[in-house]
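Okay, here's what each chain looks like letter by letter:
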Amino acid sequence: DRPAPPDAFDLTPVGLIESDFPDKFGIPRQPGLASAARASLVLLPPFDDPLTVRGLDAFSHLWLTFVFHQSPERWAPLVRPPRLGGNAKVGVFASRSTHRPNRLGLSLVELVDIDTKRGVRLTLRGADLVSGTPVLDLKPYLPWAESRPEARAGFAPEAPPTLPVSLSPAAEAVLERREDGVSLRALIRQVLAQDPRPAYRRDVEERVYGVRLRDVDVRFQAHPDATGGTRLEVVEI
Ligand code: SAM
């Protein structure tokens, strides 16, 4: 008789994320949609030994396994993906929902830099993670094994459509005074182009929404555009 497999596992974070996203609201729903989004993965002791990342600099992309620590532990067999408008339901395992058993997340991110001067800090691009996210594991991405452009992707067959985004003169003036103005402008545009408004509020046009990016609060509003679609305007930073 073989011993029964363990029915629970203890997992220890190997690192923590510091990102441009202080809050969940506004974060793109998959990695790579906002290439201007900066993040660091800071390894925790005893994993912060530079030996753990020896050879990693030869890889351009990484898989991160992490915990959706800001999601509730409760889960349900059906979820409502925002991609389906927030009404239609699919099975939790047919989705990338954050409300799932074990709350495990998986993101493919670009590795920009590795700093081992004090501990280990990896600079990442395109992460879809809130600041403070605990990372359980990281490993190199192997394009020859893991890229399948011909794969069927159910209700999310391609990247979501984007909205045009403009900035008010007042918002532009704030960006001009900032050292990181160029990259912050790119981040704001990329994040808002994904239309972070909740699906069920999209008809309310006068409402001003706020999304926190880096150290700023970006206030924006939706307007009808010339073609009957929607555009977003940053009214204030
Ligand atoms: N790429 C990952 C995956 O498929 O497992 C994440 C997909 S999930 C739909 C992306 C959303 O997770 C983001 O839009 C953000 O709002 C949310 N999120 C990011 N970090 C989180 C965290 N630590 N806890 C809870 N939600 C988080």
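Residues numbered from 1 in each chain as written. Predicted model: local features only at pLDDT ≥ 70, side-chain atom pairs only at ≥ 80, totals over all residues. Heavy atoms only, no water.

Draft legend 1. Region of interest: a nonpolar patch on the surface. Among the surface-exposed residues, Phe9, Leu11 and Leu104 lie close enough to one another that they form a single nonpolar patch of about 340 Å² accessible area. Turning to its location among the elements, Leu11 is positioned in the segment before strand 1 (15-19). Exposure remark for Leu11: the relative accessible area of 57% places this residue in the exposed category. (Patch = residues over 30% accessible without salt bridge, like charges linked within 9 Å, V, L, I, M, F, W, Y side chains within 5 Å. Areas by Shrake-Rupley, 256 points an atom, 1.4 Å probe, with all protein chains shown as cover. Salt bridge = Lys/Arg side-chain N within 4 Å of Asp/Glu carboxyl O. Helix = DSSP H or I, 4+ residues; strand = E, 2+ residues; numbered from the N terminus. Buried < 20%, exposed > 50% of the residue type's maximum accessible area, 1.4 Å probe, protein only.)

Draft legend 2. Highlighting the environment of Ser40. With respect to the element layout, Ser40 can be found in strand 2 (residues 38-43). When the C-alpha atoms of Ser40 and Ser131 are compared, they prove to be 9.2 Å apart, with 91 residues separating the residues in sequence. Beyond its immediate stretch of four places on either side in the chain, Ser40 contacts Leu16, Ile17, Glu18, Arg121 and Leu122. Side chain to side chain, Ser40 and Arg121 meet in a polar contact 3.2 Å long. (Contact = heavy atoms within 4.5 Å. Polar contact = N/O pair within 3.5 Å; in protein donor to acceptor, adjacent residues only side chain to side chain.)

Draft legend 3. The arrangement of the domain arrangement of the protein in detail. The domain architecture assigned to the protein consists of domain 1 (15-146) and domain 2 (165-236). Each of domain 1 and domain 2 has a C-alpha centre, and the two are 24 Å apart. Between domain 1 and domain 2, the residue contacts involve 16 residues of the former and 16 residues of the latter. Together, the buried faces of domain 1 and domain 2 total about 1400 Å²; carbon and sulfur atoms form 56% of this surface. Across the domain 1-domain 2 interface, the total number found is two salt bridges. The closest approach of N and O atoms between Arg212 and Asp23, which form a salt bridge, is 3.1 Å. Counting the contacts that link domain 1 with domain 2 gives four residue pairs in polar contact (both at pLDDT 80 or more). Here the residues of the side of domain 1 that touches domain 2 are counted per class, giving eight nonpolar, four polar and four charged. (Domains from an automatic or database assignment. Buried area = accessible area lost by both parts, 1.4 Å probe. Nonpolar A, V, L, I, M, F, W, Y, C, P; charged D, E, K, R; others polar.)

Draft legend 4. Focus on the packing of aromatic side chains. Per the counting criterion, the structure on display carries three aromatic pairs. Judged by centre distance (5.8 Å) and plane angle (80°), the rings of Trp63 and Tyr141 are edge-to-face. Separated by 78 residues along the polypeptide, Trp63 in strand 3 (residues 61-67) and Tyr141 in the loop between strand 8 (134-140) and helix 1 (143-146) bring together distant segments of the chain. When the ring of Tyr209 is compared with that of Phe220, the centres are 5.4 Å apart and the planes differ by 20°; the resulting orientation is stacked. A residue pair is termed long-range when its members are at least 10 positions apart, and Tyr209 in strand 10 (residues 208-213) and Phe220 in strand 11 (residues 216-224) qualify at 11 residues. (Phe/Tyr/Trp six-rings, centres within 6.5 Å; stacked < 30°, edge-to-face > 60°.)

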